[in-house]
Amino acid sequence: GAVVSQHPSWVICKSGTSVKIECRSLDFQATTMFWYRQFPKQSLMLMATSNEGSKATYEQGVEKDKFLINHASLTLSTLTVTSAHPEDSSFYICSASRQGSLAYEQYFGPGTRLTVT
Amino acid sequence: KNQVEQSPQSLIILEGKNCTLQCNYTVSPFSNLRWYKQDTGRGPVSLTIMTFSENTKSNGRYTATLDADTKQSSLHITASQLSDSASYICVVSGNDMRFGAGTRLTVKP
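Worth saying up front: this structure is predicted, and the values here are computed from it rather than measured.

Draft legend 1. Region of the structure containing the overall build of chain B. Along chain B, the regular secondary structure elements total zero helices and eleven strands. Ordered by position from N to C terminus, the α and β elements of chain B give β-β-β-β-β-β-β-β-β-β-β. At 13 Å, chain B has a C-alpha radius of gyration in line with the 13 Å of a compact globule built from 109 residues. Considering only C-alpha atoms, chain B reaches an extent of 40 × 25 × 20 Å along its principal axes. Burial analysis of chain B (109 residues in total) assigns 44% to the buried set. Looking at chain B alone, contacts between residues at least 24 apart form 55% of all its contacts between residues at least 6 apart. Looking at chain B as shown, the accessible area adds up to about 5,300 Å², and 48% of this sits on carbon and sulfur atoms. In chain B, which carries 11 positive and 8 negative side-chain charges, the distance between the mean positions of the two groups comes to 6 Å.

Draft legend 2. Broad picture of the sheet that holds strand β7 (residues 62-67) of chain B. Residue and element names in this part refer to chain B. Read across the open sheet, the five strands follow the order β1-β3-β8-β7-β6; overall the sheet is antiparallel. Looking at strand neighbours, the two that pair on one side only are β1 (4-7) and β6 (56-59), the edges of this open sheet. Taking each pair of neighbouring strands and ignoring which way they run, the sheet shows an average axis angle of 15 degrees. Bridging between β1 and strand β3 (residues 19-25) involves four bridges; their strand directions are antiparallel. Within the sheet, the bridge partner assigned to S7 lies in β3 and is Q22.

Draft legend 3. Highlighting the nonpolar core. Within the largest apolar cluster, 27 residues are counted, with the highest numbers of intra-cluster contacts made by F67 and L114 of chain A. If you list the elements that add at least two residues to this core, you get β2 (10-13), β3 (19-25), β4 (30-38), β5 (45-51), β7 (67-73), β8 (76-81), β9 (90-98) and β11 (112-116) of chain A. Core analysis: the next-biggest nonpolar cluster, separate from the first, contains 24 residues, Y25, W35, L47 and L75 of chain B among them.

Draft legend 4. Structural context of the interface of chain B and chain A. Between chain B and chain A, the contact holds 15 residues from the first and 14 residues from the second. With both chains or domains summed, chain B and chain A bury close to 1,200 Å², and 62% of this area falls on carbon and sulfur atoms. Counting the surface chain B buries against chain A, the share from its top three residues, P44, M97 and F99 of chain B, is 35%. The tally of links from chain B across to chain A stands at zero salt bridges. Here chain B is connected to chain A by three residue pairs in polar contact (both at pLDDT 80 or more). At the level of elements, β4 (32-38), β5 (45-51) and β10 (97-99) of chain B are the ones that each hand at least two residues to the side of chain B that touches chain A. Looking at side-chain class alone, the side of chain B that touches chain A contains seven nonpolar, six polar and two charged residues.

Draft legend 5. Summary view of the sheet that holds β7 of chain A. Residues and elements named next belong to chain A. If you walk across this open sheet you meet the four strands as β1-β3-β8-β7, and the pairing is antiparallel. Either end of the sheet is taken by a strand with one partner, and the two such strands are β1 (4-7) and β7. Recorded for the sheet is a direction-independent mean angle of 15 degrees between the axes of neighbouring strands. Across five bridges, the pairing between β7 and β8 is antiparallel.

Rules behind the numbers
- Residues numbered from 1 in each chain as written.
- Chains lettered and ligands numbered in written order.
- Predicted model: local features only at pLDDT ≥ 70, side-chain atom pairs only at ≥ 80, totals over all residues.
- Heavy atoms only, no water.
- Helix = DSSP H or I, 4+ residues; strand = E, 2+ residues; numbered from the N terminus.
- Rg over C-alpha atoms; globule rule 2.2 N^0.38 Å.
- Buried < 20%, exposed > 50% of the residue type's maximum accessible area, 1.4 Å probe, protein only.
- Contact = heavy atoms within 4.5 Å.
- Areas by Shrake-Rupley, 256 points an atom, 1.4 Å probe, with all protein chains shown as cover.
- Lys, Arg positive; Asp, Glu negative; His and termini not counted.
- Charge placed at Lys NZ, Arg CZ, Asp CG, Glu CD.
- Pairing = 2+ DSSP bridges.
- Axes fitted to C-alpha atoms, helices over the stretch in contact; angles between N-to-C directions.
- Core = buried A, V, L, I, M, F, W, Y, C linked by side-chain atoms within 4.5 Å.
- Buried area = accessible area lost by both parts, 1.4 Å probe.
- Salt bridge = Lys/Arg side-chain N within 4 Å of Asp/Glu carboxyl O.
- Polar contact = N/O pair within 3.5 Å; in protein donor to acceptor, adjacent residues only side chain to side chain.
- Nonpolar A, V, L, I, M, F, W, Y, C, P; charged D, E, K, R; others polar.

Laid out in structure tokens, this is it:
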């Protein structure tokens with residue numbers, strides 16, 4: 001159990017357009033979901049934490065109006081990159097904490113490769 | 001300075017050999033330390049999770065150790081396989097999560 005999926009696995013978009021990435025917990029309910037960004041040969045950088053039904057908490061330096069996060073249900077969170085620019089090209093990974101589990105148990109999705117041309 | 005430092009940055013070993021990866025941290029307060037394996041282009045997969053009171057934890061050929069006094073952890077891989085080629089990330093949690101930069105391991109035949 002504890003499978004997290006992401007869709008799409010990769011996406012190419014033109015500069016100025018918006019892209020939505022979905023993160024789903026397939027076999028458990030996730031009270032908290034996390035969104036990370038990873039540049040080549042670098043470690044994951046936490047962008048924001050979202051709890052179901054409430055507003056996301058963004059890390060310092062992450063623009064909340066550019067990276068819109070919605071966590072409408074216990075199994076789905078979405079990240080929308082608005083007005084994407086080439087510098088937004090990155091590997092975006094979500095993770096989810098299982099409801100009722102120890103707080104530090106996070107299950108990661110397979111990631112989404114975003115390329116902005 | 002990152003609160004979680006991993007070494008070496010990269011490592012190349014021959015198949016069948018053992019290796020040890022290091023993680024030193026300054027995170028305080030300390031809640032837990034996790035080791036993840038991340039294949040290229042994939043999300044991280046948890047290998048071990050250790051709390052303050054745990055000194056060692058094994059997961060198959062992976063054995064993690066933790067010295068909370070010196071704030072050091074290691075991940076030992078026994079009898080390496082080609083599929084062990086990946087990045088290994090140390091994550092330390094306290095008031096928040098701190099990620100190490102990872103060690104890139106390459107296992108060659």
